[in-house]
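# Analysis of the macromolecular model
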Amino acid sequence: DPSFQNVFGLRNCDDKKFLLNGIHGISPFICDNLQMTGDVLIARRHSSKINDELLGLVFGAVEKLDGIFDRQHSRIERYKTVDLSSQLQQNDLTVRMADQGAITYAQIPKVLREFRAPTHDEFKGDNLWCYMQAVTQISKGKESGRGVNYLETLRHRTQQMHKIFDVECPVENN
C-alpha cells in the first residue's frame, strides 16, 4: 500500500545508559538524541550475555513483525472504510479525542480544519484514515515548549488515538 510503510528501528547504547530497544510501526522515530517512539518489540538491559543473545533477540523480533504488519495493514484498510462525511460525526469524534487525551482541546478546531481541507491532496477524503492523517499533521505541528517529554506525549496520544479508532472499527487480533 503506497499510503504507508511498515518500519522496524533498533536503538542501542555502547555506554549502557539505555536499554537495547527494537520498535516498529508506521512511523517509529529514533532521534539522534536517542529519544524514540513506536511500539516496542525488544527491551533488553545490557549484561555480560547481551552479545550472545542479541542475534536471537533481533531474529525473534523480526519473526513477530510479519503478523504485526498484517494486523496493521488490516487496521488501516478498515480505517479507510469508516465513513466520516457527517460534520456531526467529525465533531463528536474530535471532542472524544480531546476528552480521552489523544489531542488537546486547543487542537480541536485545527484537526477539524485539517481534515476538511488537508494540507496534502492524498489525504482528501471522508474516512477515518484521512482523519488520522489530519490528527497526525496537527500533532506534529510546531508547538512552543515541546521539551524533553514531547516524544513520550506524542507516543501516548498516538496510542490513545488508535484505542479510540479501534472502538470505531474493531480489528481482529489473531
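Structural notes, computed from the coordinates. Everything quoted here is computed from the prediction, not taken from an experiment. (Residues numbered from 1 in each chain as written. Predicted model: local features only at pLDDT ≥ 70, side-chain atom pairs only at ≥ 80, totals over all residues. Heavy atoms only, no water.)

### Structural notes on the packing of aromatic side chains
This is how it is decided: Stacked, tilted and edge-to-face are the three classes assigned to paired rings of Phe, Tyr and Trp, where Trp is represented by its six-membered ring and a pair needs centres within 6.5 Å; plane angles under 30 degrees give stacked, over 60 edge-to-face, the rest tilted. Think of it this way: any DSSP run of H or I at least four residues long counts as a helix, any run of E at least two long counts as a strand, and we number them from the N terminus. Throughout, exposure labels follow a simple rule: accessible area from a 1.4 Å probe, protein chains only, divided by the maximum for the residue type, with under 20% read as buried, over 50% as exposed, and the rest as partly exposed. In this analysis the charged atom, NZ for Lys or CZ for Arg, is taken to sit over a ring once it is within 6 Å of the ring centre and within 35 degrees of the ring normal.
Scanning all chains against the criterion turns up three aromatic pairs. Judged by centre distance (5.3 Å) and plane angle (90°), the ring pair of Tyr79 and Phe165 falls under edge-to-face. Of this pair, Tyr79 sits in helix H1 (residues 50–79) while Phe165 sits in helix H5 (residues 150–168); the two residues are 86 residues apart in sequence, bridging distant segments of the chain. In this structure, Tyr79 and Phe165 share a single accessibility class: buried. Between the aromatic rings of Phe115 and Tyr131, the centroid separation amounts to 5.4 Å while the plane-to-plane angle is 70°, which identifies the pairing as edge-to-face. On the criterion of sequence distance, the pair formed by Phe115 in helix H3 (residues 108–116) and Tyr131 in helix H4 (residues 128–139) is long-range, its members being 16 residues apart. For the pair formed by Phe115 and Tyr131, the shared burial category is buried. What links up through ring pairs into an aromatic cluster is the set Tyr79, Phe115, Tyr131 and Phe165. The residue whose ring lies beneath Lys80 is Trp129, and the NZ or CZ to ring-centre distance is 5.5 Å.

### As for the nonpolar core
As a rule of thumb, soluble globular proteins bury nonpolar side chains together. As a reminder, the rule being used: The term nonpolar core refers to a set of buried residues drawn from Ala, Val, Leu, Ile, Met, Phe, Trp, Tyr and Cys, joined through side-chain atoms within 4.5 Å. The contact rule is simple, with two residues in contact once any of their heavy atoms fall within 4.5 Å.
Ranked by internal contacts, the top residues of the largest apolar core, which has 26 residues, are Leu93, Met97, Leu128, Tyr131 and Phe165. Elements that contribute at least two residues to this core include exactly H1, helix H2 (87–99), H3, H4 and H5. Among the elements that make up this core, the one with the highest residue count is H4 (eight residues). In this structure Tyr131 touches Leu84, Leu93, Thr94, Met97, Val111, Phe115 and Phe165, once residues within four positions along its chain are discounted.

### Side note on the pattern of salt bridges
Our working definition: Think of a salt bridge as a Lys or Arg side-chain nitrogen and an Asp or Glu carboxyl oxygen that are within 4 Å of each other.
All chains considered together, the criterion is met by five salt bridges. For the salt bridge of Asp166 with Arg75, the shortest nitrogen-to-oxygen distance reads 2.5 Å. Placement of the pair is Asp166 in helix H5 and Arg75 in helix H1, with a sequence separation of 91 residues. Here Arg96 ties to Asp92 by a salt bridge, and the two come within 3.0 Å at their closest N and O atoms. Residue Arg96 and its partner Asp92 are both found in helix H2; the two are separated by four residues, about one turn of the helix. Residue Asp92 is classed as partly exposed on the basis of its relative accessible area, which comes to 41%. What you see here is one network of salt bridges that share partners, running through Asp92, Arg96 and Glu168.

### With respect to the packing of H2 against H3
Under the convention used in this document: Fitted lines through C-alpha atoms serve as axes, helices being fitted only where they are in contact, and the angles separating the N-to-C directions of these axes extend from 0 to 180 degrees. Each angle gets one of four labels, with under 35 degrees taken as roughly parallel, over 145 as roughly antiparallel, 65 to 115 as roughly perpendicular, and the rest as oblique. Crossing handedness: left-handed means the near helix sits turned counterclockwise from the far one by under a right angle, and right-handed means the same turn made clockwise. Nonpolar residues are Ala, Val, Leu, Ile, Met, Phe, Trp, Tyr, Cys and Pro. Charged residues are Asp, Glu, Lys and Arg, and all others, Gly as well, are polar.
Packing of H2 against H3 brings their axes to within 10 Å, and their N-to-C directions diverge by 140°. Compared by their axis directions, H2 and H3 come out oblique. With respect to the hand of their crossing, H2 and H3 are arranged in right-handed fashion. Contacts from Gln87, Gln90, Asn91, Thr94, Val95 and Ala98 in H2 reach Ile108, Val111, Leu112, Phe115 and Arg116 in H3. Split into classes, the residues belonging to the contact of H2 with H3 amount to six nonpolar, four polar and one charged.

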